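# An overview of the molecular structure
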Amino acid sequence: MNLLGSETAAMAWRDWIRTVEIEPSLYAADFGHLAEQVEVLLRTGARIFHFDVGDGHFVEPITMGPIVLRSISGLVHSMGGALDCHLMVDNPTRHFPQIAAVGGDSVTFHFEAVDDVPGTISAAREHGLGVGLAFNPETKLESVVKVAAGVDLVLCMSIHPGYSGQEFMPDALPRIAKTRELLPSEIHLQVDGGITNENVRSVYDAGATLIVAGSAIFEREDLPRAYRRLVQALA
């Protein structure tokens, strides 16, 4: 059962986000020890986990899906966490029922993947899901902002979506700051891609309150230390 109902989604996001949240990106996890790594990070203080779904069409790689989501959702929810699902897919609406059924709490779809953004937002709400709107680096952010009413978050990609481990794009910081400037204050700004201990503070200062980190956490031997270092870099 997911945590977010259509009437409480925005409130739940406000409750989850402290001043800022570092979201471990499970795409970069060791899938042989996925549940173990998730539990370790929950005990360390992580609250929201980023779950990337790639379909081999909108992005080249095929990543995780509902079966993997089901395998960890009970653990995440039992320890007070949430699963934030980033749908890098064509026709995201068709995935909403499955995501909701296996324990996803929020879905973020891509502006570039749909013709009807308001209708897609409504479809997510009908399944009791929180909802976000992502956009790629080449997309005109003003076009995204015009149709963002009704979402809980906007995801500004700081890499090209698809593959984990890419470097943070040099022009991402001014784009993040401009997105924050144009968005209503009640919509959270999320950033995904190339986050490191060296740039996480700059991303936060530019306006992001949800910061997705994959390699910076999961490519380190000591996961708690890696997560805490990102948090400490924000201090």
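Residues numbered from 1 in each chain as written. Predicted model: local features only at pLDDT ≥ 70, side-chain atom pairs only at ≥ 80, totals over all residues. Heavy atoms only, no water.

### Topic: the overall build of the protein
We count it as follows: Numbering of helices and strands starts at the N terminus; helices are DSSP runs of H or I of at least 4 residues and strands are runs of E of at least 2. Three labels apply to residues, based on accessible area from a 1.4 Å probe with only protein chains included: buried if under 20% of the type maximum, exposed if over 50%, partly exposed otherwise in between. Any two residues whose heavy atoms approach within 4.5 Å are treated as being in contact. Surface accessibility follows the Shrake-Rupley procedure with a 1.4 Å probe radius. Residue values consider only the protein chains on display as shielding.
Along the backbone of the protein there are 10 helices and 8 strands. Counting only C-alpha atoms, the protein reaches 45 × 40 × 35 Å along its principal axes. For the protein, buried positions account for 58% of its 235 residues. Sequence separation of 24 or more characterises 65% of the internal contacts of the protein that already satisfy a separation of 6 or more. Carbon and sulfur atoms provide 50% of the accessible area of the protein, an area that totals close to 10100 Å².

### Details of the packing of helix α2 (residues 34-44) against helix α3 (residues 66-78)
Here is the rule: Angles here are taken between N-to-C directions and fall from 0 to 180 degrees, while the axes themselves are lines fitted to C-alpha atoms, restricted in helices to the stretch in contact. In what follows, roughly perpendicular refers to angles from 65 to 115 degrees, roughly parallel to angles under 35, roughly antiparallel to angles over 145, and oblique to any angle outside these ranges. Helix crossings fall into two classes, left-handed where the near helix is turned counterclockwise from the far one by less than a right angle and right-handed where it is turned clockwise. By the convention adopted, Pro, Cys, Tyr, Trp, Phe, Met, Ile, Leu, Val and Ala count as nonpolar, Lys, Arg, Asp and Glu as charged, and the other residues, Gly among them, as polar.
Running from N to C, α2 and α3 cross one another at 30 degrees; their axes reach a closest spacing of 10 Å. Judged on the interaxial angle alone, α3 and α2 are roughly parallel. As for how α2 packs across α3, the hand of that crossing is right-handed. Between α2 and α3, the contacting residues are Leu 34, Ala 35, Val 38, Glu 39 and Leu 42 on the first element and Val 68, Ile 72, Leu 75 and Val 76 on the second. Of the residues that constitute the contact of α2 with α3, the class distribution is 8 nonpolar, no polar and 1 charged.

### Considering helix α10 (residues 223-233)
Threshold: Within 3.5 Å is the distance limit for a polar contact, defined as a pair of N or O atoms, with the added protein rule that one can donate a hydrogen and the other accept it, and that residues adjacent in sequence qualify only through two side-chain atoms.
Residues of α10 that are buried: Leu 223, Pro 224, Ala 226, Tyr 227 and Leu 230. Against the buried residues of α10 lie β1 (21-24), α2, α8 (200-205), β8 (210-213) and α9 (215-218). Backbone nitrogen of Arg 225 and a side-chain oxygen of the N-cap are separated by 3.1 Å at the start of α10; the cap is Asp 222.

### Things to note about the side chain of Ser 73
Counting through the fold element by element, Ser 73 comes out in helix α3. Among the polar contacts made by the side chain of Ser 73, one reaches the main-chain carbonyl oxygen of Val 102 at a distance of 2.8 Å. Discounting residues that sit within four places of it in the chain, Ser 73 has contacts with Leu 83, Val 102 and Gly 103.

### Some thoughts on the layout of surface pockets
Note the cut-off: Lining residues are those with an atom within 4 Å of a point, where the points come from a 1 Å grid over the protein atoms alone and group into cavities, where a 1.4 Å probe fits but cannot get out, or pockets, open sets with protein on both sides within 12 Å along at least five of seven lines. Grid points are joined across faces, edges and corners, and a volume is the space filled by probe spheres set on the points.
A volume near 410 Å³ is recorded for the largest pocket. Taken together, 30 residues make up the lining of the largest pocket; nearest its centre are Gly 165, Gln 166, Gly 194, Gly 214 and Ser 215.

### Quick look at the confidence of the model for the protein
Here is the rule we go by: Every residue gets a pLDDT, meaning the predictor's confidence in that residue, from 0 to 100.
For the protein, the mean per-residue pLDDT works out to 91, and 94% of the residues sit at or above 70. For residues 1-6, every residue scores under 50 in pLDDT, and the model assigns this stretch 26 contacts once sequence neighbours within four places are set aside.

### Considerations on the pairing of strand β5 (residues 130-135)
Operational definition: We call two strands paired when DSSP finds no fewer than two bridges between them. By definition, the crossover connecting two strands over a helix is right-handed if that path, from the first strand to the second, turns clockwise as seen with the strands pointing away from the viewer.
Across the 6 residues of β5, 6 count as buried, placing the element largely inside the fold. Of the two faces of β5, the one holding Gly 130, Gly 132 and Ala 134 and the one holding Val 131, Leu 133 and Phe 135 are both buried throughout. Relative to β5, strand β4 (residues 106-110) is paired through 5 bridges, and the arrangement is parallel. Along β5, the bridge assignment pairs Ser 106 with Gly 130. In this fold, the crossover linking β4 to β5 by way of helix α5 (residues 117-126) has right-handed handedness.

### Looking at unusual backbone geometry
In this model, Asn 91 sits at a positive phi of 50 degrees, which is unusual for a non-glycine residue. Take Asn 91: it is sitting in the loop between β3 (82-88) and α4 (96-101).

### Observations regarding the sheet that holds strand β6 (residues 153-157)
Backbone-to-backbone hydrogen bonds join strands into a sheet, with any given pair of strands oriented parallel or antiparallel. The strand order β1-β8-β7-β6-β5-β4-β3-β2 describes an open sheet built from 8 strands, whose pairing is parallel. One side of each edge strand has no neighbouring strand; the edge strands of this open sheet are β1 and β2 (48-54). For this sheet the average axis-to-axis angle between neighbouring strands, irrespective of direction, equals 25 degrees. Pairing between β5 and β6: 4 bridges, direction parallel. When the sheet's bridge partners are listed, Leu 133 is paired in β6 with Val 154.

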